[in-house]
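Reading the structure
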Amino acid sequence: TESKHRRRGGDLKTRSTELGPAITGSPLTPVLPASTTGKKSIVLSSETRKELAKQAKVTKEERRAQIDERYKYLISRLADGIGLVEQQVEEAIISDDKFQLIEQFFAPNGLKKLLFFYQDVLQQKSNPSLRSDGSMNSLLQKKLFITMGSTENITGICAFFLRTSDKVITASNASQEVNFGIFDCTNGNILQGLEFFLSQIMVPALKSQQNWGAVKEGLKNSQIQDFLYSVDKFVSTLSSSRQNIEDKIQLTKVDIDIYISNLQNPSDYIAAG
């Protein structure tokens, strides 16, 4: 019995060792040192790095083969909105570990929103000195990536796609069923980005809208006028709040020694009050 347990323990240890690279490495990130104690890091062998790079290449090519007119529509809007070339956007998308969210966005009754951040991200680069401890250098670099919007802080540009119905998104209806927009929150100025988006894009678009669906008379309708008034008021309040936050209150230091130097007993304090 003891020998059986020993063999089982040995088998588990062997399997754990074999699975190590698969657990610590991502197919799209060939070199990922995994910290175990906070001081030590796992250094992947050259063979493992080559295998992970090979897997990453295969994954990217498989994703590239999926890119059809729907994907090209998103890529084109992102490139125009952010100021990148389409090849850069495509490469970022097929390298993203959340790539499958795009297909979920296209599906019938799929995701209602698809978010992209384009901002400085801490990138890990191999130490050029090739130190044996596998240490890494960190640097900030602009990166376009897919996000759910709940785990990363926005410090740059947020590009978003919104669905207008539960229909399946096809090559023929993508431009009609998907809305695109951008928040420029450079340096984390979210309020300023929202204010610009509303005042310069949404409000002018609403005020020029001719078709309001079942609401008759369009812009002449009292309910539409009340709605637009409320939007204008909200933008004005948002602008005031932003300015109040940015113009921080500065308190002037006052020397009070001259006021309290002559206070000797409780009655003096009461009189001064």
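Residues numbered from 1 in each chain as written. Predicted model: local features only at pLDDT ≥ 70, side-chain atom pairs only at ≥ 80, totals over all residues. Heavy atoms only, no water.

1. Side note on helix α2 (residues 46–66)
Compared with an ideal rise of 1.5 Å per residue, which puts 21 residues at 30 Å, α2 spans 31 Å between its outermost C-alpha atoms and is within 8% of the ideal. Within α2 the residues assigned to the buried category are Thr48, Leu52, Ala56, Thr59 and Arg63. Looking down the long axis of α2, one finds its buried residues gathered within 70° of arc, a one-sided arrangement. Seen from the open side of α2, the exposed residues pointing more than 90 degrees away from its buried face are Glu47, Lys50, Lys54, Lys57 and Ala65. (Helix = DSSP H or I, 4+ residues; strand = E, 2+ residues; numbered from the N terminus. Expected span 1.5 Å × (residues − 1). Buried < 20%, exposed > 50% of the residue type's maximum accessible area, 1.4 Å probe, protein only. Arc of directions from axis to C-beta.)

2. Regarding the pattern of salt bridges
Under the definition given, this model contains 11 salt bridges. In this structure, the salt-bridge partner of Lys60 is Glu91, at a minimum N-O distance of 2.5 Å. With Lys60 in helix α2 and Glu91 in helix α4 (residues 86–94), this pair connects stretches of sequence that are 31 residues apart. Classification of Glu91 as partly exposed rests on a relative accessible area of 29%. We note a salt bridge from Lys112 to Asp166, for which the minimum N-O separation is 2.0 Å. Placement of Lys112 in the loop between α5 (100–106) and β1 (113–126) and of Asp166 in the loop between β3 (157–163) and α6 (174–177) is noted, with a sequence separation of 54 residues between them. (Salt bridge = Lys/Arg side-chain N within 4 Å of Asp/Glu carboxyl O.)

3. Digging into the packing of α2 against α4
The geometry of a pair of packed helices is captured by two quantities: the angle between their axes and the separation between those axes. Viewed as axis vectors pointing N to C, α2 and α4 meet at an angle of 120°, and their least axial separation amounts to 9 Å. Of the possible angle classes, the one that applies to α2 and α4 is oblique. Judged by the twist between their axes, the crossing of α2 over α4 is right-handed. Seen from α2, the contacting residues are Lys60, Arg63 and Arg64; seen from α4, they are Glu90, Glu91 and Ile94. In terms of residue class, the contact of α2 with α4 is built from one nonpolar, no polar and five charged. (Axes fitted to C-alpha atoms, helices over the stretch in contact; angles between N-to-C directions. Parallel < 35°, antiparallel > 145°, perpendicular 65-115°, else oblique. Left-handed = near helix turned anticlockwise from the far one by under 90°. Contact = heavy atoms within 4.5 Å. Nonpolar A, V, L, I, M, F, W, Y, C, P; charged D, E, K, R; others polar.)

4. Examining the confidence of the model for the chain
Averaged over the chain, the pLDDT score is 79; the fraction of residues at 70 or greater is 75%. Contacts for the low-pLDDT stretch residues 29–40, under 50 throughout, to residues beyond four places or in other chains number 20 contacts. In the model, residues 128–136 has pLDDT below 50 throughout and makes 13 contacts with residues more than four positions away in sequence or in other chains. (pLDDT = per-residue confidence, 0-100.)

5. Focus: the environment of Tyr118
Within the fold, Tyr118 resides in strand β1. Judged by relative accessible area, which is 17%, Tyr118 ranks as buried. A C-alpha to C-alpha distance of 9.7 Å links Tyr118 and Thr186, two positions 68 residues apart in sequence. Beyond its immediate stretch of four places on either side in the chain, Tyr118 contacts Ile82, Leu84, Lys142, Lys143, Leu144, Gly156 and Ile157.

6. Focus: the packing of aromatic side chains
According to the stated counting rule, one finds 10 aromatic pairs in the structure shown. With a centroid separation of 5.4 Å and 40° between ring planes, the pair formed by Phe160 and Phe183 is classed as tilted. Taken together, the residues span a long stretch of sequence, with Phe160 in strand β3 and Phe183 in strand β4 (residues 178–184) at a distance of 23 residues. The class of Phe160 is buried, set by a relative accessible area of 10%. Between Phe161 and Phe180 the ring centres are 4.9 Å apart and the planes differ by 40°, which places this aromatic pair in the tilted class. Note that Phe161 is positioned in strand β3 and Phe180 in strand β4, a separation of 19 residues in sequence. The class for Phe161 is buried, based on a relative accessible area of 0%. (Phe/Tyr/Trp six-rings, centres within 6.5 Å; stacked < 30°, edge-to-face > 60°.)

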